[in-house]
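# Architecture at a glance
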Amino acid sequence: MTSLEVSEETEDSGPGGYAAARLLLLHEKERSGPSRRAALARLTDDWLAGLFAAAAPPRGVALVAVGGYGRAELSPRSDLDLLLLHDGRADKAAIAALADRLWYPVWDLGLALDHSVRTAAEARATAADDLKVHLGLLDARPLAGDHGLVAALRTTVLADWRNQAPKRLPELDALCRERAERMGELQFLLEPDLKEARGGLRDAQALRAVAASWLADAPREGLDGARRRLLDARDALHLTTGRATDRLALQEQDAVAAELGLLDADTLLREVYEAARTISYATDVTWREVNRVLKARSARPRLRTLLGGRGGAGRTATGKPPVERTPLAEGVVEMDGEVVLARTARPERDPVLPLRAAAAAAQSALPISLHAVRRLAATATPLPVPWPAEAREELVTLLGAGEATVPVWEALEAEGIVTRLLPDWERVRCRPQRNPVHTWTVDRHLVETAVRASSLTRRVGRPDLLLVAALLHDIGKGWPGDHSVAGETIARDLATRIGFDRADVGTLATAVRHHLLLVETATRRDLDDPATVRAVATAVGTVGTLELLHALTEADALATGPAAWSAWRASLVADLVKRVAGVLAGETPPDPEAAAPSAEQERLAIEALRTGEPVLALHTEPLAAEPEEPEPVGVELVIALPDQPGVLPAVAGVLALHRLTVRAADLRAVELPPVLGAGSGPVLVLDWRVAAEYGSLPEAARLRADLVRALDGSLDISARLAEREAAYPRRRGLTAPPPRVTVAAADSRLATVIEVRAQDAPGLLHRIGRALEGAAVRVRSAHVSTLGANAVDTLYVTRPDGSLLPDEEAIDLARTLESALR
């Protein structure tokens, strides 16, 4: 028995019959998408019409579906948007009783209901005051009663919409912009709202409203398919959660993907992103056309006055004012605020024209017209391989235009031109990045990196290589395995295709292969270790490549998100670059073992030896990317105390209790000669780089007091940190991956390097220190790097006598540490 047969049998059997038929329909696996939404709307129509008829309504009354229900697009948990329309002649009590007999059965079934009771005049007046009501009425559809009353209302509302378009459309534009600002762009969100985010179903509805105004129309290619994919995803979300939600939360994505028959959550997100991108691009084009038309209409009366009436001088033979066309490049002109093709342009004979037009548009900070992009996509001759020099120069010009590059690139991508130019682009197009540190999808991140790199071109000898490296640095993320390794091969192919010579191809491949080298080394390795600096110098090879990587590192981090770059990271990378440049120039890195303690370290060590207790000193270190805006990059905390067990976990725990984030720690034993009144012996000097999570720094005296208590056992740090961790909010349904501890291949002659990757949490370094203390190893230095919820802590450890750990001991230590952190 089909759902429609069930609806016929249960039409007069009340809410229970409708509920059974609805349930059967929603669980029919062979029916989904538009077919199921339409069937659900028909089933609901029949039920509501039966309720209406059973209530014996007076004449001049109609039940009307509006909004999404009016469009017959009912998702499993959609609201029912209903209007009880009457001509005002019936008794008010009778209308109220009729409304009760309609609304209460809906509520009894637990269905969400948006309802109103109005005359046609009241509906029209409400629409005039409330834009959302007016939009809903554009989709009004009669369900039962006086259809003529509904037809008259529809005609009037639509006429009002068209007559008031010059006022209403700017209001709608502002409403869409405000919503986009509040909800974000659907195509870049890890947990997007399918309805409210920019590029979602609300924007698709807005485009229908613009088309209904007859003022402008959206580009229709792909738009219906995009709406359908978002509606299908929302249906699956309703079915898998059993709730009326439009937010595609992380914990629901695998189930939604399975409901839709997709491979996995990434495939689901990519389809959703592609649909949102289609709607967003159509939105941009449509509102640009609306604003152009409205501007032309408002300027026309003034122009007539200036020209002396209809027959004034300066008008064309058709009576219209001439349209100014300003040349921008060969075959490219500006007209009416857009970049269009010149009348003499011949895309079929000019393969460079797409890039030339795009570069001219970006350099002029103008949009490229939809008609021009589509003509280029349809008729332009493919570029020869390798590209001619002009094409390569136009690509570099496009990438170097800054923020104006983004909308032009999106226009090219919407029509498939980018993939035609760079075939490997298809693998990263709309590809989600699960790390919440990333703001963008892979493809948009690449473009944003080029935008950031455009402001750093004065720092490098080859700006063209910087911009192209920025565009290609993550191109390997479309392939399995290490994206830097895969990207190196792809970058070689694409750089050769673009027309770079062999040396430049090699430089670009090196930049892509090592685009993470500087930041990962600077934040996770001991820069005082000569092996660290020499390894980077060997990988980079030349000073020119080093400066290119330095700029690319900054551009990449800035384009990733606010958590990926800071003055602290910038200072570490700059320090590493300076050291590597010295090695490349033939200098020998200083031996850290031969370095004597600083005067302050020696002073604190003497004081610690004299008192037998910890001695602390705090120093704030401002650093400025721009001289006029100094930014504190952290605080240097120097601690000296007589050497004893448990120092590292005690200090790390005290810092965590005071909400200080550890960025780096250097530990060294200082052997002091006999000093008057202080005796002699080893003193442990710890040089920490810390920053306050929020608020002001704690006083040194409070830190010292808690450290003394932690060392003598009167302060239970582990218990205090456990209480705080238990109080931390956790996102429902999210499980952090287990920690992973490895022995890094660092070729250090000073220490064995252990790398810990784990979920960031209060006191993580304290727990690591406790585990190392139990393993009877000495920590020489620690380097902490945190991105979002992920921490990477690198520890330089030795045996108690200062020698490196043999391979088997190092592996056993890594296993022990990993087990302790679990």
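This text gives an overview of the structure that appears in the document. Just so we're clear, the structure is a prediction, and the values are computed from it rather than from any experiment. (Residues numbered from 1 in each chain as written. Predicted model: local features only at pLDDT ≥ 70, side-chain atom pairs only at ≥ 80, totals over all residues. Heavy atoms only, no water.)

On to the overall build of the protein. The helix and strand tally for the protein stands at 32 helices and 15 strands. C-alpha extents for the protein along the principal axes are approximately 110 × 70 × 50 Å. Per-residue burial for the protein yields a buried fraction of 51% across its 822 residues. Within the protein, residue pairs in contact and separated by at least 24 positions form 69% of the contacts whose partners lie at least 6 positions apart. (Helix = DSSP H or I, 4+ residues; strand = E, 2+ residues; numbered from the N terminus. Buried < 20%, exposed > 50% of the residue type's maximum accessible area, 1.4 Å probe, protein only. Contact = heavy atoms within 4.5 Å.)

Among the nonpolar cores identified, the biggest contains 91 residues, and Trp387, Trp409, Leu422 and Trp425 are the most heavily contacted of them. Excluding residues within four positions of it along the chain, tryptophan 387 makes contact with Leu355, Arg392, Leu395, Leu421, Leu422, Arg497, Ile498 and Gly499. Within the second largest apolar cluster, 50 residues are counted, among which are Leu616, Ile717, Val756 and Val797. (Core = buried A, V, L, I, M, F, W, Y, C linked by side-chain atoms within 4.5 Å.)

The next point concerns the sheet that holds strand β5 (residues 325-329). Strand order in the open sheet formed by three strands is β5-β6-β7, and the pairing between neighbours is antiparallel. Of all strands in the sheet, those with a lone pairing partner are β5 and β7 (338-341), marking the two edges. Across the sheet, the mean angle separating the axes of adjacent strands is 40° when strand polarity is ignored. Bridge count between strand β6 (residues 332-335) and β7: four bridges; the pairing is antiparallel. (Pairing = 2+ DSSP bridges. Axes fitted to C-alpha atoms, helices over the stretch in contact; angles between N-to-C directions.)

Now for helix α16 (residues 389-399). Along an α-helix, a turn takes 3.6 residues, which lines up residues three or four apart on a common side. Among the residues of α16, those classed as buried are Ala391, Arg392, Glu394, Leu395, Val396, Leu398 and Leu399. Contacts made by the buried residues of α16 are with α14 (353-363), α17 (405-414), α19 (442-453), α20 (463-472) and α21 (483-498).

Next up on the list: the side chain of threonine 441. Relative to the elements of secondary structure, threonine 441 occurs in the loop between α18 (417-421) and α19. Classification of threonine 441 by relative accessible area gives buried; the value is 1%. Not counting residues up to four positions away in its chain, the partners in contact with threonine 441 are Gln187, Phe188, Tyr273, Arg277, Cys430, Arg431, Pro432 and Gln433.

Right, let's get into the layout of surface pockets. Estimated volume of the second largest pocket: approximately 1100 Å³. Lining the second largest pocket we find 45 residues, and of these Gly67, Asp81, Lys195, Arg202 and Gln205 sit closest to its centre. Every element with two or more residues in the lining of the second largest pocket is listed here: α4 (67-70), β2 (80-86), β3 (113-119), α7 (131-137), α9 (165-183), α10 (201-212) and α11 (223-241). Class assignment for the residues of the lining of the second largest pocket results in 17 nonpolar, nine polar and 19 charged. (1 Å grid on protein atoms, 1.4 Å probe; cavity = no way out; pocket = protein on both sides within 12 Å on 5 of 7 lines; lining within 4 Å. Points joined across faces, edges and corners; volume = space filled by probe spheres on them. Nonpolar A, V, L, I, M, F, W, Y, C, P; charged D, E, K, R; others polar.)

In this structure the tally under the stated criterion is four aromatic pairs. With centroids separated by 5.1 Å and ring planes inclined at 90°, the aromatic side chains of tyrosine 104 and tryptophan 107 adopt a geometry described as edge-to-face. Of this pair, tyrosine 104 and tryptophan 107 both sit in helix α5 (residues 92-108), separated by three residues, roughly a single helical turn. Note on tyrosine 104: relative accessible area 45%, which makes it partly exposed. Residue class for tryptophan 107 comes out partly exposed when judged on its relative accessible area of 35%. With a centroid separation of 4.8 Å and an interplanar angle of 90°, the aromatic rings of phenylalanine 188 and tryptophan 440 are classed as edge-to-face. Taken together, the residues span a long stretch of sequence, with phenylalanine 188 in the loop between α9 and α10 and tryptophan 440 in the loop between α18 and α19 at a distance of 252 residues. The pair phenylalanine 188 / tryptophan 440 is uniform in exposure class, with both members buried. It is arginine 162 that lies over the ring of tryptophan 214; its NZ or CZ is 3.5 Å from the centre. (Phe/Tyr/Trp six-rings, centres within 6.5 Å; stacked < 30°, edge-to-face > 60°. Lys NZ or Arg CZ within 6 Å of the ring centre and 35° of its normal.)

Considering the arrangement of structural elements, one finds arginine 525 in the loop between α23 (517-524) and α24 (530-540). Here the side chain of arginine 525 touches glutamate 755 through a polar contact of 3.3 Å, side chain to side chain. (Polar contact = N/O pair within 3.5 Å; in protein donor to acceptor, adjacent residues only side chain to side chain.)

Note that glutamate 191 resides in the loop between α9 and α10. Among the residues examined, glutamate 191 registers a relative accessible area of 17% and is labelled buried. Between the C-alpha atoms of glutamate 191 and arginine 89, which are 102 residues apart in sequence, the distance is 50 Å.

Further remarks concern the pattern of salt bridges. As a working rule, side chains carrying opposite charge can pair if their charged atoms are close by. Tallying each qualifying case throughout the model produces 53 salt bridges. Notably, a salt bridge pairs aspartate 266 with arginine 434, separated by 2.8 Å at the nearest N-O pair. Residue aspartate 266 is located in helix α13 (residues 265-307), and its partner arginine 434 is located in the loop between α18 and α19; the two are separated by 168 residues in the primary sequence. What you see here is one network of salt bridges that share partners, running through Arg71, Glu73, Asp139, Arg208 and Arg227. (Salt bridge = Lys/Arg side-chain N within 4 Å of Asp/Glu carboxyl O.)

Turning next to the pairing of strand β14 (residues 778-787). The buried fraction of β14 is high, at seven of 10 residues. Linking two consecutive strands that pair antiparallel, namely β14 and strand β15 (residues 790-798), is a turn of two residues; a positive phi of about 65° is found at glycine 788 within it.

What follows covers helix α22 (residues 502-513). Across its 12 residues, α22 extends 16 Å between first and last C-alpha, which sits within 8% of the 16 Å expected from 1.5 Å per residue. Considering only its buried residues, α22 is in contact with α20, α21, α24 and α25 (543-560). Where α22 starts, the residue carrying a side-chain oxygen 3.2 Å from the main-chain nitrogen of alanine 503 turns out to be aspartate 501. (Expected span 1.5 Å × (residues − 1).)

Take the pairing of strand β1 (residues 61-65) next. Counting buried residues along β1, five of its five residues qualify, which places the element largely inside the surrounding structure. Across the two faces of β1 the burial is the same, with Val61, Leu63 and Ala65 and Ala62 and Val64 all buried. In the sheet, β1 pairs with β2 via five bridges, with the strands oriented antiparallel. Looking at the pairing, alanine 65 lines up with leucine 82 of β2. As defined by bridge partners, β1 adjoins strand β4 (residues 141-145) across four bridges and the pair is classed as antiparallel. Across the sheet, residue leucine 63 finds its bridge partner in β4, namely alanine 144.

Quick look at the sheet that holds β2 now. Spatially, β3-β2-β1-β4 is the arrangement adopted by the four strands of the open sheet, whose pairing is mixed. The sheet is open, and its two edges are formed by β3 and β4, each paired on a single side. Strand-to-strand twist in this sheet, taken as the mean axis angle between neighbours without regard to direction, amounts to 25°. Its contacts with the sheet place helix α3 (residues 33-54) against β1, β2 and β4, and it is angled at close to 35° to β4. Its contacts with the sheet place helix α6 (residues 120-129) against β2 and β3, and it is angled at close to 120° to β3.

Before going further, it helps to spend a moment on the packing of α3 against α11. The relative placement of two packed helices comes down to the angle between their axes together with the axis-to-axis distance. Relative to each other, α3 and α11 sit at 65°, their axes nearing to 9 Å. Looking at the two axes, α3 sits roughly perpendicular to α11. Between α3 and α11 lies a crossing whose hand is left-handed. For the pair α3 and α11, the contacting residues are Gly33, Pro34, Arg36 and Arg37 in the first and Arg228, Leu231, Asp232, Asp235 and Leu239 in the second. In terms of residue class, the contact of α3 with α11 is built from three nonpolar, one polar and five charged. (Parallel < 35°, antiparallel > 145°, perpendicular 65-115°, else oblique. Left-handed = near helix turned anticlockwise from the far one by under 90°.)

That bond from valine 385 to proline 386 is cis: its omega, 0°, falls within 30 degrees of zero. Here proline 386 lies in the loop between α15 (370-379) and α16. Of note in the backbone geometry, alanine 72 takes a positive phi value of approximately 60° without being a glycine. With respect to the element layout, alanine 72 can be found in the loop between α4 and β2.

Let's shift gears to the environment of alanine 359. In this structure, alanine 359 sits in helix α14. Given the relative accessible area of 1%, alanine 359 is considered buried. Along the primary structure alanine 359 and alanine 401 are separated by 42 residues, whereas in three dimensions their C-alpha atoms are 7.9 Å apart.

The next subject is the packing of α17 against α19. Running from amino to carboxyl end, α17 crosses α19 at an angle of 145°, the nearest separation of the two axes being 10 Å. With respect to the hand of their crossing, α17 and α19 are arranged in right-handed fashion. Facing α17, whose interface residues are Thr405, Val406, Trp409, Glu410 and Glu413, α19 presents Asp443, Arg444, Val447, Glu448 and Val451. Residue classes in the contact of α17 with α19 are distributed as four nonpolar, one polar and five charged.

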